[in-house]
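Fold and geometry: a report
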Amino acid sequence: MQQSQPTVEPTARVSLNVEELRRDFPILTRTMRGKPFIYLDNGATALKPQSVIDEEVRYYTELSANIHRGVYEFSEEASECYDRTRGIVARFVNAQSEREIVFTKSATESSNLIAYGWAMKNIKAGDEICISEIEHHANFVPWQALAERLGATLRMIPMNPTDASLDISDLDRLINDRTRLVGITAMSNVTGYMPPVERILARARAVGAVTVVDGAQWVSHATVDVQKLDADFLIFSAHKMCGPTGVGVLYGRESLLNEMDPFLFGGDMVLRVRKEKTVFRKAPEKFEAGTPNIAGVMAFGKAVEYLQNVGMEAIHEHEQDLLRYVVERASEIDGLVSYGPADLSTRGGIFSFNVGDAHPHDTGNILDEDGIAVRTGLHCAHPLMQALGIPGTVRASFYLYNTRAEVDRLIESIHRVRRIFS
Amino acid sequence: MQQSQPTVEPTARVSLNVEELRRDFPILTRTMRGKPFIYLDNGATALKPQSVIDEEVRYYTELSANIHRGVYEFSEEASECYDRTRGIVARFVNAQSEREIVFTKSATESSNLIAYGWAMKNIKAGDEICISEIEHHANFVPWQALAERLGATLRMIPMNPTDASLDISDLDRLINDRTRLVGITAMSNVTGYMPPVERILARARAVGAVTVVDGAQWVSHATVDVQKLDADFLIFSAHKMCGPTGVGVLYGRESLLNEMDPFLFGGDMVLRVRKEKTVFRKAPEKFEAGTPNIAGVMAFGKAVEYLQNVGMEAIHEHEQDLLRYVVERASEIDGLVSYGPADLSTRGGIFSFNVGDAHPHDTGNILDEDGIAVRTGLHCAHPLMQALGIPGTVRASFYLYNTRAEVDRLIESIHRVRRIFS
Amino acid sequence: MSLEEDLYKEIILENYRSKKNRSRMDDADLASEGANPSCGDDVELFVKLDGDRVVAVTYDGIGCSICCASANLLCEAMKGKTLTEAMTIIGEYRKMLLEDETPHFSEDLADLEAMQGVKHYPVRIKCALLAWNTVRDMFETPASGG
Amino acid sequence: MSLEEDLYKEIILENYRSKKNRSRMDDADLASEGANPSCGDDVELFVKLDGDRVVAVTYDGIGCSICCASANLLCEAMKGKTLTEAMTIIGEYRKMLLEDETPHFSEDLADLEAMQGVKHYPVRIKCALLAWNTVRDMFETPASGG
Ligand SMILES: Cc1ncc(COP(=O)(O)O)c(C=O)c1O
Ligand SMILES: Cc1ncc(COP(=O)(O)O)c(C=O)c1O
């Protein structure tokens, strides 16, 4: 049962007081399968601090009103809180204006909004769309379906099968004069790998293509500045940032958003509806038809404030520490294969691996028995898995509340997998 | 300050124990503008019982996991709870199968899903779409935009300006051999008027048109049986049924759902993604790309169970009683004009009115000062307002927790409006 | 602070009901529409100019008492002013509502002060500004060379 | 109840690792693919028939130990059976996992009982059924006149 001791120093210098932060997350006191709960599935969704849960409850117990149309106090306050979150999110990613922040239901809806609202109108047969082979389905399938519908060509920046990084040697051919849209993830949800997004965006701008950055993983772990990034669109999800489920964000350049067609039609996105003709509002309202997820958006505001208080720099460093530690400790395990570039500074806090001939599902099942939550399988990234030629991975993904002690428990449990499958 | 006493009996026979039910809604103990809070804006969104709030909290404090992909206990339980709600909703509307229930973010997204997934593929230039003049924008603007995009003709069943009912004398011309889709609200959100949906659906079926019923108002107030209704699609929103914000439903016939194109593309809606081609899953998964509003769907299940326990029949009767009472009492007010058919049995619990030359906004503002929440304005039904030739209404809309005493307070406050605007 | 004292003063209700400036102008030099989608206020403003001087302003449309009263007061206040004077008045009026400043209107514009109470009702401020912002935008546009 | 006793018994791991029936069949009479999108299991089943009798079954694809072990056990169990016998065995197997029934397999099928422990792990049941359901669907379709 004794493993060899890790060679890295027992606690690296990190500025987070993790033990204190952990108290903000009520679920961390639970047990799973009778063991203290270890949550290493942050790539799927993050845990929620009490302040986020409280805000959801506050909406339902103190306001409970629909927004933007009430002449009464609770509706006014709900509207104000909803609108305030837009500003909070705009500042979090350093948007020029809060009018560049559209609330959707998920990162997935955000990419589809771009496909329906911008691409359907601006891409024609023969045009090209360029994405990468390591995209999450949310930034893959919409473009594949759109290319098929419009008769456009879908190109892909290929993956190096050796370390699951992108091979951008052929970028100038892949992104060319016919390219109308470039979609690229800022951080792989399988390996944590962060591609050279600046290089890819620069090439896209050079040919005048519109750019979509998938920040679903990245935004929760990094300091984001959309003005510096200089992408046209950035998509992300609240639930991966300690926020509630059912809220996504589309950041878009204001001018581009205003030029786009509306996506969902209905109430609140119109200025004037006549039987003959409807006049739409400007962005972001134009894209927010119907009653939104009011409680969710309000709680999302608290999540962003929470992350800001902790500090994105500190979170990033903490994850880097955990990543280095898990890679170090995993090296002691025979037959463990992990995925992603060896240069850990190009990666976020994700550790994807397989153990011997244990199928990921089996490994996940055994970890679960030890109270450890990981994700297993294809991680909505079939093309990446195909390129790696594997039936999936076990993914341990870290966040601000994870500890080295939890990594130790993970390693111990992986040894159990080894014993069973030996 | 004394008003004449109402002539109807002080309490009609209703089977709801309203005082007891009110204790389930924590917000009802609040004050607004220093007065006991009276919530008459149920047409916009309903208040939430504690059990619904608790379920949201339970998800975030006890599970907090993403669904359908976890091999660990909390993810399994979250998946199970999410899936269970589908069955709860299916039984609530008496669908043949839970595969006929698609979760969206709102009724508005549901109608747009039909427009993008079914109508874009099946409607051509020269075809006709028939809706009514009293539709909410959610069941109006999508069809108007679609007709324009496809070169189809949008026809409208006209409204009788006298009582805001529909004039179906010309139905056979409006719904004809070229009609491919008929959209009709089952209950107006402005007047509570319930059109003769069966007649309209029968005519639609006779010409082979696909039918969309907007149940956003209706489903929260009536016993719904989609098999008896025999519509192809029914749309509604959780938040108007004591459920959370950010959850909508699309009921659709299973065969029709499976024939439709997907709408949002991304993770979870695919069976297999290859660089060349993607294979989609069947309904409902095909329409639920990305991480859904897990907490919201789970809480929605509790809302439906809550309504079932109270009993939809009893809710309907209670609202009828309040409607009769408010109509009776309002008749004592000089210069009050109300809208909707005189036959109250054709209406749900909605009372829309104006007082003298007070603009609805002014009336709403004065009621707010008295602690009363109503909605004012155009209620996302501009065409109806145009047909009535008015700048909006004040809408008091009732639900299971409202009382005759609250109606009395409303009447008293309307008298104040009269005094100010006299 | 009460509704009757702050919002529904006699002078506001009179301006709300006044039909004096409530009309469309066929020969307007400037015309523009403004709407508050959230409350349904929707007014059209018409301006007749004589060179740099405002000859007449009228409005038409639908709106609450605050919206219509403020539109009527605007029409009265603009009459005979130069564009520069008009913009100064608009600036003063906006400050009164948005910045909690005590207004300095000349005697003939004293009625405008009746709108001061609106600022205690934050959601109504946009009603009181709709016509004013619409006219300001019209005055700014030609000046900027359009 | 423990993982090692219920799921990862020697016999299951042996069947997981066995390559004996893991191959594609070029001259199959029936072939069909089955997938569990939620866990990534994706297997193809091939059947060679001689009239009413199953000559051979093989499988290919990716899946966890439970999925592959159950597929291998299936291939072994089907060999030489008539379609009717095969359907009976499938029925027994499904009952064992879904209805908490003690199975009544004949001696030559006793290995199937190793899968019994899966029912303590509800999410794994679909792994243990994937290959079996795929074959059942193939056997049912020709019978129903297709
Ligand atoms: C890289 C990446 N993109 C997009 C998504 C989609 O996010 P959501 O499911 O919230 O729409 C995810 C989350 O799974 C992701 O990891
Ligand atoms: C009749 C009717 N249809 C549709 C809707 C749209 O519902 P939601 O805003 O939840 O999408 C509403 C709610 O405002 C409604 O009253």
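Presented here is an overview of the structure given in this document. (Residues numbered from 1 in each chain as written. Chains lettered and ligands numbered in written order. Predicted model: local features only at pLDDT ≥ 70, side-chain atom pairs only at ≥ 80, totals over all residues. Heavy atoms only, no water.)

Focus on the relation of the copies chain B and chain A
In the superposition of chain B on chain A (RMSD 0.0 Å, axial shift 0.0 Å), the rotation amounts to 180°. Viewed as a symmetry operation, the transformation between the two copies matches a two-fold axis. Most of the interface of chain B is mirrored in chain A, where 100% of its interface residues again form contacts. (Least-squares fit on C-alpha atoms with pLDDT ≥ 70 in both. Contact = heavy atoms within 4.5 Å.)

Considering the pattern of salt bridges
Tallied over the entire structure, the rule returns 85 salt bridges over all chains. Arg99 of chain A is paired through a salt bridge with Glu285 of chain A; the nearest N and O atoms lie 2.8 Å apart. Taken together, the residues Arg99 of chain A in the loop between helix H3 (73-92) and strand S4 (101-104) and Glu285 of chain A in the loop between strand S12 (278-280) and helix H10 (294-310) connect sequence positions 186 residues apart. Residue Glu285 of chain A is classed as buried on the basis of its relative accessible area of 18%. Among the ionic contacts, a cluster of salt bridges with common partners joins Lys35, Asp370 and Arg416 of chain A together with Glu4 of chain D. (Salt bridge = Lys/Arg side-chain N within 4 Å of Asp/Glu carboxyl O. Helix = DSSP H or I, 4+ residues; strand = E, 2+ residues; numbered from the N terminus. Buried < 20%, exposed > 50% of the residue type's maximum accessible area, 1.4 Å probe, protein only.)

A short note on the pairing of strand S19 (residues 393-397) of chain B
All names here are of chain B. Within S19, five of the five residues are buried, which leaves it mostly tucked inside the rest of the structure. By the alternation rule, side chains of S19 split into Thr393, Arg395 and Ser397 and Val394 and Ala396, which are all buried. Pairing analysis gives four bridges linking strand S16 (residues 350-355) to S19, with the strands arranged antiparallel. From the neighbouring strand, Phe353 faces S19, where its bridge partner is Val394. Where strand S18 (residues 375-377) meets S19, three bridges bridge the pair, whose relative direction is antiparallel. (Pairing = 2+ DSSP bridges.)

A closer look at the site of ligand 1
As a structural note, the neighbourhood of ligand 1 is formed by 14 residues, with Thr108, Asp214, Ser237 and Lys240 of chain A together with Thr291 of chain B the closest of them. Chains contributing residues to the immediate surroundings of ligand 1 are chains A and B. Thr291 of chain B is positioned with one of its side-chain polar atoms (N or O) 2.7 Å from an oxygen atom of ligand 1. Mapping ligand 1 onto the cavity grids shows that it belongs to the second largest cavity. Partitioning the shell around ligand 1 into residue classes produces three nonpolar, nine polar and two charged. (Near = heavy atom within 4 Å. Polar contact = N/O pair within 3.5 Å; in protein donor to acceptor, adjacent residues only side chain to side chain. 1 Å grid on protein atoms, 1.4 Å probe; cavity = no way out; pocket = protein on both sides within 12 Å on 5 of 7 lines; lining within 4 Å. Sits in = over half its atoms within 2 Å of the grid points. Nonpolar A, V, L, I, M, F, W, Y, C, P; charged D, E, K, R; others polar.)

A short note on the pairing of strand S4 (residues 101-104) of chain B
All names here are of chain B. Residues Ile101 and Phe103 of S4 are buried on one face, and the alternating residues Val102 and Thr104, pointing to the opposite face, are buried as well. As paired strands, S4 and strand S12 (residues 248-252) are joined by four bridges and run antiparallel to one another. Following the sheet pairing, Phe103 is matched in S12 by Val249.

Any functional reading would require information that these geometric values do not contain.
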